[in-house]
Amino acid sequence: MAFELLPGDECVMKGDFRHEGAIIFQRDQIVQIRDISPDPQRPGFKYVVYSPALNALVRLPGTVLIRIACPNCRTRLTAIGGDCVNCGWEDPESEQAKSQQSVADFRKKMWNRHNRYGGGGDFYGGY
Ligand SMILES: [Zn+2]
């Protein structure tokens, strides 16, 4: 993850999460970070959340969690990876996604122009 989650942050599960074979968290289930406490055996598993299925606290890795609340003001984000409508915080991961998107758009535009001008490589000769 590009950022650290903190106690109190709300997240949604990226996918089903199994513990000893049983699904204890389902995809899109909302969890709240209770504490940061790395598992000595698996240091990546450091986000302590409550599992209703187990009626216990368990540690999850950041890779299975998606932040859904603003880290500044705790306002629930209107969209996953969206910006905070309250304080203007922007998810660095969504910034990354946006820049990747704009590269994709750019490629598509170039491709369209290329086609419109009949292709063949002459289009690039003018530059
Ligand atoms: Zn905010």
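Residues numbered from 1 in each chain as written. Predicted model: local features only at pLDDT ≥ 70, side-chain atom pairs only at ≥ 80, totals over all residues.

Thoughts on unusual backbone geometry
Going by this rule: Elements are defined by DSSP. Helices are runs of H or I of four residues or more, strands are runs of E of two residues or more, and each kind is numbered from the N terminus.
With a phi angle near 50°, E20 is a residue other than glycine that sits in the positive phi range. Tracing the backbone shows E20 in the loop between β2 (17–19) and β3 (22–25). Its identity as a non-glycine residue notwithstanding, R74 has a phi of 70°, on the positive side. Here R74 is to be found in the loop between β8 (65–67) and α1 (92–116).

Points about the nonpolar core
Basically, it comes down to this: In this description, a nonpolar core means buried residues of the types Ala, Val, Leu, Ile, Met, Phe, Trp, Tyr and Cys, linked to one another by C-beta atoms lying within 7 Å. In this scheme the burial state of a residue depends on its C-beta neighbours within 10 Å: 20 or more other such atoms mean buried, 12 or fewer mean exposed, and anything in between means partly exposed; the C-beta positions come from the backbone. Each residue is represented by a C-beta atom placed from its backbone, and any two residues with such atoms within 7 Å are regarded as in contact.
Ranked by size, the top nonpolar core spans 10 residues in total: L5, C11, F17, F25, V31, I33, Y47, V49, L60 and L65. Discounting chain neighbours no more than four positions away, the residues touching F17 are I23, I24, F25, L60 and V64.

Considerations on the environment of I33
By the secondary structure assignment, I33 is in the loop between β4 (30–32) and β5 (35–36). On the neighbour-count criterion, I33 (23 C-beta atoms within 10 Å) is buried. Distance in space between the C-alpha atoms of I33 and D9 is 5.4 Å, their sequence separation being 24 residues. If near-sequence neighbours (up to four positions away) are discounted, I33 is found in contact with L5, L6, P7, G8, D9, C11, Y47, V48 and V49.

Some remarks on the confidence of the model for the protein
Convention followed: Per-residue confidence from the predictor is reported as pLDDT, which spans 0 to 100.
Across the protein, the average pLDDT comes to 83, with 80% of residues at 70 or higher. Per-element averaging of pLDDT across the protein places helix α2 (residues 122–125) at the bottom with 48 and strand β6 (residues 45–51) at the top with 97. The low-confidence segment residues 123–127, where pLDDT is below 50, has 3 contacts with residues more than four positions distant or belonging to other chains.

Examining the sheet that holds β4
The test is simple: At least two bridges found by DSSP between two strands is the condition for calling them paired. Axis angles are defined between N-to-C directions and span 0 to 180 degrees, where every axis is a line fitted to C-alpha atoms and, for a helix, only to the segment in contact.
Spatial ordering of the open sheet is given by β4-β1-β8, a layout of 3 strands whose pairing is antiparallel. Edge positions in the sheet fall to β4 and β8, since each of these pairs with one other strand and no more. Averaged over all pairs of adjacent strands, the angle between strand axes in this sheet comes to 40°, irrespective of strand direction.

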